[in-house]
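In case you want the letters, here they are:
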Amino acid sequence: MKHFYFFLILASTLSCSKKAPVLNNSDQLDAAPPITYDTTAIDSFGPGATPESVMAKINAVAIKREKDSLAAIAKAEQEKLDKEKAKLEAEKAKEEKKETKPEVKTEPVVTP
């Protein structure tokens, strides 16, 4: 068991002792790639924030979705009106059926 702890400590010491190379002399600094940063600030609401072609695509999709949703709403309203109209026609048909029933007239029977 003592050998296990010894190898564990030795392995952790060797694994932690690796050092990263330091770029501090001029030869190593020249070999390093130059770092360039894009520091131009772009206002997200200002001109140039998104290209016009991208905005045109976004607007086209938004307009299509709006038209689709308006068409769905109009279709739902039309179906609702059709159902109400059919219900009213069914009620009128029942009322007319009741009114047009022939009345059976019974005459009193007279015995002589």
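Just so it is clear, the model here is predicted, and its values are computed rather than measured.

### Section: the overall build of the chain
Assigned secondary structure in the chain consists of 3 helices and 0 strands. Counted from the first residue to the last, the chain has its helices and strands arranged as α-α-α. Residues counted as buried form 1% of the 112 residues belonging to the chain. Just so you have it, the chain exposes about 11800 Å², and 62% of that area is on carbon and sulfur atoms.

### Some remarks on a nonpolar patch on the surface
Residues Met-1, Phe-4, Tyr-5 and Leu-8 make up a contiguous nonpolar surface patch of about 490 Å² in total accessible area. When its relative accessible area of 67% is taken as the criterion, Met-1 is described as exposed.

### Here we look at the packing of aromatic side chains
Describing an aromatic ring pair means giving the distance of the ring centres and the angle of the ring planes. Enumeration according to the criterion identifies 2 aromatic pairs in this entry. Centroid distance Phe-6 to Phe-7: 5.7 Å. Interplanar angle 65°. Geometry classified as edge-to-face.

### Some points on a negative patch on the surface
Residues Glu-91, Glu-95, Glu-96 and Glu-99 make up a contiguous surface patch of negative charge. On the secondary structure map, Glu-95 appears in helix α3 (residues 52-99).

Analysis parameters
Residues numbered from 1 in each chain as written. Predicted model: local features only at pLDDT ≥ 70, side-chain atom pairs only at ≥ 80, totals over all residues. Heavy atoms only, no water. Helix = DSSP H or I, 4+ residues; strand = E, 2+ residues; numbered from the N terminus. Buried < 20%, exposed > 50% of the residue type's maximum accessible area, 1.4 Å probe, protein only. Areas by Shrake-Rupley, 256 points an atom, 1.4 Å probe, with all protein chains shown as cover. Patch = residues over 30% accessible without salt bridge, like charges linked within 9 Å, V, L, I, M, F, W, Y side chains within 5 Å. Salt bridge = Lys/Arg side-chain N within 4 Å of Asp/Glu carboxyl O. Phe/Tyr/Trp six-rings, centres within 6.5 Å; stacked < 30°, edge-to-face > 60°. Lys, Arg positive; Asp, Glu negative; His and termini not counted. Charge placed at Lys NZ, Arg CZ, Asp CG, Glu CD.

Coordinates in, geometry out; function isn't part of it.
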